There are 2 protein chains.
Amino acid sequence: MLGQLVGPDIVEMIQNRQFADLRKALTTLPLDSVAEIFTDMAPQDAAVLFRLMPRDVAADIFEYMPVEAQEALMRSLGREQVAAVLNEMDPDDRTALLEELPGPVTQRLLMLLSPEERRIATELLGYPEESVGRIMTPDYVAVREGWTVGEVLDHIRRVGRDKETLNYIYVVDTQGRLIDEIRLREIILSPTATPLAQLMDRQYTALNVTDDQEEAVELFGRMDRTALPVVDSVGHLVGIVTVDDVLDVAQEEATEDMQKMAAVETLEAPYLRTGFFTLFRKRAIWLSVLFVGEMLTATAMGFFEEEISQAVVLTLFIPLIISSGGNSGGQATSLIIRSLAIHEINTKDWWRVLVREIGSGLALGLVLGLIAMIRIVLWPGTEDRYGPHYVMIGWTVALSLVGVVMYGTLIGSMLPLLLRKLGLDPAVSSTPFVATLVDVFGIVIYFSIASLLLRGTLL
Amino acid sequence: MLGQLVGPDIVEMIQNRQFADLRKALTTLPLDSVAEIFTDMAPQDAAVLFRLMPRDVAADIFEYMPVEAQEALMRSLGREQVAAVLNEMDPDDRTALLEELPGPVTQRLLMLLSPEERRIATELLGYPEESVGRIMTPDYVAVREGWTVGEVLDHIRRVGRDKETLNYIYVVDTQGRLIDEIRLREIILSPTATPLAQLMDRQYTALNVTDDQEEAVELFGRMDRTALPVVDSVGHLVGIVTVDDVLDVAQEEATEDMQKMAAVETLEAPYLRTGFFTLFRKRAIWLSVLFVGEMLTATAMGFFEEEISQAVVLTLFIPLIISSGGNSGGQATSLIIRSLAIHEINTKDWWRVLVREIGSGLALGLVLGLIAMIRIVLWPGTEDRYGPHYVMIGWTVALSLVGVVMYGTLIGSMLPLLLRKLGLDPAVSSTPFVATLVDVFGIVIYFSIASLLLRGTLL
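Rules used throughout
- Residues numbered from 1 in each chain as written.
- Chains lettered and ligands numbered in written order.
- Predicted model: local features only at pLDDT ≥ 70, side-chain atom pairs only at ≥ 80, totals over all residues.
- Heavy atoms only, no water.
- Domains from an automatic or database assignment.
- Phe/Tyr/Trp six-rings, centres within 6.5 Å; stacked < 30°, edge-to-face > 60°.
- Buried < 20%, exposed > 50% of the residue type's maximum accessible area, 1.4 Å probe, protein only.
- Lys NZ or Arg CZ within 6 Å of the ring centre and 35° of its normal.
- Salt bridge = Lys/Arg side-chain N within 4 Å of Asp/Glu carboxyl O.
- Helix = DSSP H or I, 4+ residues; strand = E, 2+ residues; numbered from the N terminus.
- Axes fitted to C-alpha atoms, helices over the stretch in contact; angles between N-to-C directions.
- Parallel < 35°, antiparallel > 145°, perpendicular 65-115°, else oblique.
- Left-handed = near helix turned anticlockwise from the far one by under 90°.
- Nonpolar A, V, L, I, M, F, W, Y, C, P; charged D, E, K, R; others polar.
- Pairing = 2+ DSSP bridges.

A look at the domain arrangement of chain A
Examined at the domain level, chain A breaks down into domain 1 (2-126), domain 2 (142-251) and domain 3 (271-454). Each of domain 2 of chain A and domain 3 of chain A was reduced to a C-alpha centroid, and the two centroids are 51 Å apart.

Thoughts on the packing of aromatic side chains
The final tally for this structure, using the stated rule, is 16 aromatic pairs over all chains. Judged by centre distance (5.2 Å) and plane angle (50°), the rings of Tyr 446 of chain A and Phe 447 of chain A are tilted. For the pair Tyr 446 of chain A and Phe 447 of chain A, a shared accessibility class is recorded, and that class is buried. Every member of this aromatic cluster is reached through a ring pair, and the members are Phe 304, Tyr 446 and Phe 447 of chain A. A cation over an aromatic ring shows up here: Arg 356 of chain A above the ring of Tyr 271 of chain B, its NZ or CZ 5.2 Å from the ring centre. The aromatic ring of Tyr 168 of chain B is capped on one face by Arg 225 of chain B, whose charged end is 4.3 Å from the ring centroid.

What to know about the pattern of salt bridges
Summed over all chains, the structure comprises 20 salt bridges over all chains. In this structure, the salt-bridge partner of Arg 283 of chain B is Glu 357 of chain A, at a minimum N-O distance of 2.8 Å. Taken together, the positions of Arg 283 of chain B in helix H15 (residues 276-303) and Glu 357 of chain A in helix H18 (residues 350-378) put the pair across two chains. Both residues of the pair, Arg 283 of chain B and Glu 357 of chain A, belong to the buried class. One salt bridge in this structure joins Arg 222 of chain B and Glu 218 of chain B, with 3.2 Å as the shortest N-O distance. Taken together, the positions of Arg 222 of chain B and Glu 218 of chain B, both in helix H13 (residues 213-223) and four residues apart, correspond to about one turn of that helix. A single salt-bridge network, built from bridges that share partners, covers Asp 32 and Glu 36 of chain A together with Glu 218 and Arg 222 of chain B.

With respect to the packing of helix H20 (residues 390-421) of chain B against helix H21 (residues 431-454) of chain B
Two quantities define a packed helix pair, namely the angle between the helix axes and the distance between the axes. All names here are of chain B. Where H20 meets H21, the closest approach of the two axes is 8 Å, and the angle between their N-to-C directions is 150°. Compared by their axis directions, H20 and H21 come out roughly antiparallel. Read as a crossing pair, H20 and H21 show a hand that is right-handed. The class makeup of the residues in the contact of H20 with H21 is 20 nonpolar, six polar and no charged.

Some details on the pairing of strand E2 (residues 168-172) of chain A
Residues and elements named next belong to chain A. For E2, the tally of buried residues reaches five of five residues, placing the bulk of the element in the interior. Going residue by residue along E2, you find Tyr 168, Tyr 170 and Val 172 tucked away on one face and Ile 169 and Val 171 tucked away on the opposite face as well. Bridge analysis of strand E1 (residues 141-144) against E2 gives four bridges, and the strand direction is parallel. For Val 141, the partnering residue across the bridge sits in E2 and is Ile 169. As defined by bridge partners, E2 adjoins strand E3 (residues 178-183) across five bridges and the pair is classed as antiparallel. Along E3, the bridge assignment pairs Tyr 170 with Glu 181.

In structure tokens:
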């Protein structure tokens, strides 16, 4: 990628702190590469260099830096530079930054903003976390129904300079309610005398400011669009969401789900930027919970201690059986959680899912049971290994596998749907959580079948 | 979302097959809602209604439908309609469709395209799967350096009509090599007499046509852009990629990774649209592989059968110990695989990861060991439960937990990095795969420590 284009000369300039030459060299590089350089530099060096950059360029570079680097840089910048940078930033990028920072810092920074910018920032910050309001930008172009294409273009020339996107022009009524959206291309492609009304079809798709960001992801995914308008409860146009911000949201959502599914509390920062203790805590919590739950396996086995002492050979297959249940459960739970996340299925489909998973569980259990029979009954030297009753042992293991795998797929598929139905996050029905449930019950299934089939012979 | 706006009246019209009224009603709805309706209708009904829609509208609706529904509809449409629809589709949407269809069908459909459209389709299909070439569209606006803003705008008015996006105008030299990209806004905001050269900075970021689509996702995520140009090996501008297609790619990549991490072969279609047998096959393969691997646990335990028969109490803790190793391994592997996928870390960081995970593994192991000690040694009535040597048993379990958890975090974190280093997909080092590795070794650790600590007492 571009970052690799940064030659040794620049590295050298950074080392020798040749800021003037560095500044010249950087102007020839794309912004994101420059941002990478700033991110990798020592904050105080970065601060010096930052002061040398033209203000608006500096702001652009700043926007490309990760929040951690932004914070470090701000600490080493003077009050004035920080104020300048913040005021130059795009509102939504600024909101993203202010959100990540500790409350007091955010407050201090808000004070540095110009009254106008502060109004925008606080407004954006007023909407609930994870809501569309947090990722929207007020930088859109709104026009009136009565105008001509020429008037619209003049308006764009006047106000368009700082707008985040000009792909769509929004038509609002006198109360500021959204009544239509028109692609800029339509306007450019029409003669200037054309009345705007001629291009209007009064059809638009809008997000609500309180919608969950996930809904934005889903809507953008369904409609190939680069930006969508955001309206409040009464239909006033309050901002727009651009697809590049939605892409970031989609990636974050997926990362959070993966972490939850692996029983890790979601990390706020990238893996390597997360402090050791934080990382430990976010893993220890769940791991301990699962451990305490898994203790039930010891309790369950306690009930069968007699059988075990009589037929130690049975214990050999315990890991095999419970792990198979866990694996099949994990498959089901991951499939369902992801399908829920990308709106491929919803709780209404629980019945169809149930039917499929009962079928899948049975089929998968039979496959594993068959493999087990081959290994335990047909394999050479099995009698010395498992004793005279190896055939019944084979049946015990095979039948247990069918039961455990079916149980695993059922729990794994139904639990996420149940959690979603209860308004909880399905992703927390993580694979290991399902596995624990299956382990305990798996042991009960196994030994129950054993005492049934081996009663009188081995037991 | 919008789909819910479809009133009962429309449902009724569909039931009564009042196609004429339906057609009128549909023209008032946004395209994606109409597409949903078509998707839910019986294909033959949809076909009739489809014929009633204006050709270009029909094509737009078609683009919004899922591939499965598109295929079903095509089968019930006449040759001419299919040809018409295909020719009206956006090249990248058409490529997406042709890719999903079985080879022969694709060939048949290609024949229906106009020579020009066929050239585009085959060209797009010529690039490797998962490459940027597959999601790019040739619908961009290219201009020459020597032009004025006015000439550029005239050019856009002439050719812009069918272009997918006009956000960026691309400047190419006489050989068609990309030399600059300019935001349409810059052009609109400049007086028409301005020479284009004045707006040029000869700075652009381009994707290579053979780049992996993942790189596109990563670059778009970093650059906050709505479209990026695509060049071939010698720098010729061959197309553009728009961020809405990249969003789809990002979602697919995440879904595939989640499925792989749960030991499910990637599904080509949504869960409920995947045939029962396909779903079974994609799960059975891995499940069986893992099962055969897990059989080693039985073998491993076989070596310790003597110890087991002497101290049956030891078996009670086997599920507890191996599952803890699996869970901690799963946490590590999920964290690392996702960090690799979104380029937060790369193989160069293996050493930093190793150090962290050794630390985490030790800390997490100690926590679980402590809990185990409390449960086994300090809990009331422990002596009747675990016999006179319960203290040593406690130590055995606790120490085994430390060892197993550390081993789990190590395998879980290093395996993905190793696979990536070998050019393989880290996601296949799925959580259950790691768990299996840990289970087998966990049993060895446990019984080794047991025979060390309990030699002479219990054993």
